[in-house]
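# Chains, contacts and geometry: an overview
Each chain is listed here by its residues.
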Amino acid sequence: MEVVMPRGLWRLLAAFVLTFLSVGTAVGQPMPGSEIAPGGKLRGAVIGIRVLGGVGEPIGRFVAEKLGVSFEPVVYPNPQAYEQSFGKDEWDIAIGPRVLAPADKADVTADVWLIDLLYLEAEGKTFASADQVDRAGVKVGTIQNSPSDRFLTRALKSAELVRIPLSANFPGDAIELLRAGKSDVFGADSGLIASIAAGYPGATIVPGAFNTVRAALALPKGRSAAAQARLAEIVSEAKRTGVVQKAIDQAGLKSGVRVAPD
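Note that the coordinates shown come from a computational prediction; the quantities given were computed from them, not determined experimentally.

Procedures and definitions
Residues numbered from 1 in each chain as written. Predicted model: local features only at pLDDT ≥ 70, side-chain atom pairs only at ≥ 80, totals over all residues. Heavy atoms only, no water. Helix = DSSP H or I, 4+ residues; strand = E, 2+ residues; numbered from the N terminus. Contact = heavy atoms within 4.5 Å. Areas by Shrake-Rupley, 256 points an atom, 1.4 Å probe, with all protein chains shown as cover. Buried < 20%, exposed > 50% of the residue type's maximum accessible area, 1.4 Å probe, protein only. Axes fitted to C-alpha atoms, helices over the stretch in contact; angles between N-to-C directions. Parallel < 35°, antiparallel > 145°, perpendicular 65-115°, else oblique. Left-handed = near helix turned anticlockwise from the far one by under 90°. Phe/Tyr/Trp six-rings, centres within 6.5 Å; stacked < 30°, edge-to-face > 60°. Salt bridge = Lys/Arg side-chain N within 4 Å of Asp/Glu carboxyl O. Pairing = 2+ DSSP bridges. Arc of directions from axis to C-beta.

So, about the overall build of the protein chain. Scanning the protein chain from N- to C-terminus turns up nine helices and 11 strands. For the protein chain, contacts bridging at least 24 residues in sequence account for 71% of all contacts bridging at least 6. Surface summary for the protein chain: the accessible area is close to 13,200 Å², and the carbon and sulfur share equals 55%.

Since one α-helical turn is 3.6 residues long, residues separated by three or four positions face the same way. For helix H7 (residues 190-198), every residue scored as buried is listed here: Ser190, Gly191, Leu192, Ile193 and Ile196. Buried positions along H7 lie against strand E5 (113-121), strand E6 (139-143), helix H6 (172-179), strand E8 (185-189), strand E9 (204-205) and strand E11 (257-259).

Another point: unusual backbone geometry. The omega angle of the peptide bond from Phe170 to Pro171 is 15 degrees, so this bond is cis rather than trans. Even without a glycine there, the phi angle at Asp89 is positive, about 60 degrees. Its place among the elements puts Asp89 in the loop between helix H4 (79-84) and strand E3 (93-97). You can call Asp89 exposed: its relative accessible area is 58%.

One way to put it is that helix H3 (residues 53-67) packs onto helix H8 (residues 225-240) with a least axis distance of 10 Å and a crossing angle of 120 degrees. It follows from the interaxial angle that H3 and H8 lie oblique. When the axes of H3 and H8 are compared, the crossing they make is right-handed. In this structure, H3 uses Phe62, Val63, Lys66 and Leu67 to contact H8, whose residues at the interface are Arg230, Leu231, Ile234, Glu237 and Ala238.

Turning our attention to the packing of aromatic side chains. Within this structure, the stated rule accounts for six aromatic pairs. Ring plane angle 75 degrees and centroid distance 4.9 Å describe the contact between Phe86 and Trp91, whose orientation is recorded as edge-to-face. For the pair formed by Phe86 and Trp91, the shared burial category is buried. Aromatic pair Tyr119 and Phe210: ring centres 4.4 Å apart, planes at 25 degrees, arrangement stacked. On the criterion of sequence distance, the pair formed by Tyr119 in strand E5 and Phe210 in the loop between E9 and strand E10 (211-220) is long-range, its members being 91 residues apart. Per residue, the accessibility class of Tyr119 equals that of Phe210, and both read buried. Connected via pairs of aromatic rings, a cluster forms that spans Tyr76, Tyr82, Phe86 and Trp91.

Looking now at the pattern of salt bridges. Here the idea is simple: oppositely charged side chains can pair when their charged atoms come close. This structure, assessed with the given rule, holds 14 salt bridges. The partner of Lys239 in a salt bridge is Asp262, and the shortest N-O contact between them spans 3.1 Å. Of this pair, Lys239 sits in helix H8 while Asp262 sits in the segment after E11, and the two are 23 residues apart along the sequence. Here Asp262 falls in the exposed class, since its relative accessible area comes to 71%.

Burial analysis of E3 places five of its five residues in the buried class, the great majority of the element. One ladder, built from two bridges, connects strand E1 (residues 41-47) with E3; its direction is parallel. Each residue of the ladder has a partner; that of Ala45, found in E3, is Ala94. Judged from the four bridges that link them, E3 and E10 form a sheet pairing that is antiparallel. Paired with Ile95 across the strands is Leu217, a residue of E10.

Of the positions making up helix H9 (residues 243-250), those classed as buried are Val244, Ala247 and Ile248. Projected down its long axis, H9 carries its buried residues within an arc of 100 degrees, all on one side. Structural note: H9 exposes Lys246 and Gln250 on the side pointing more than 90 degrees away from its buried face. For H9, the elements touching its buried residues are H3, E5, H8 and E11. Just downstream of H9, Gly252 is the residue with a positive phi angle, here 75 degrees.

The following block contains the structure:
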């Protein structure tokens, strides 16, 4: 005997099945927030200098607050150590120069803040502008493996590049390099240049930036599109609501650092 089910009951049953399937699928997928901070706290990688870590840490805390978790900074002493941390599961997000985020190991957000790269010339040197530095016989100091080093290695055609590591004695090492005549100018981000200039009154900043560092947030490669979209949404909010500008101001960065446009 064939049982005929009323049409309304069929529709109700179909709706129930679809709801069950959609809930089951959602349960099987991690929420974007828990995917960004899977350990229940947000570990944020930063480089331990004012213009990067000093700005990055408050931004990381804002991201953690939006996700409803605590923030734990993972501080690297120099750009090389930061870059080498990618792919090692030492952090959940990285906050720093996008040039140091390997494309095969990270997915990077839009730019969050921009940092001018400047030259500081030794006492007695006179360069009219940043584009006049690349000349035969000129020695350009910079921090090994920094964004400045990356750019200048490609860009300089005639000047000689002199690299020093970023150590606990910085900016003293940079000042000694300039005073001893081992470099005519020192190229670095505006925050570090200000630190060097403060300890070397005879030095002057060469007019004009020779490049700009684009700082952003990065997730380990392979996070879902939903997780990337959620982080992008938080980054946009941080720029729009003044969180990034406040971080720049609190770091004491008065010039050469600015919020990236949307």
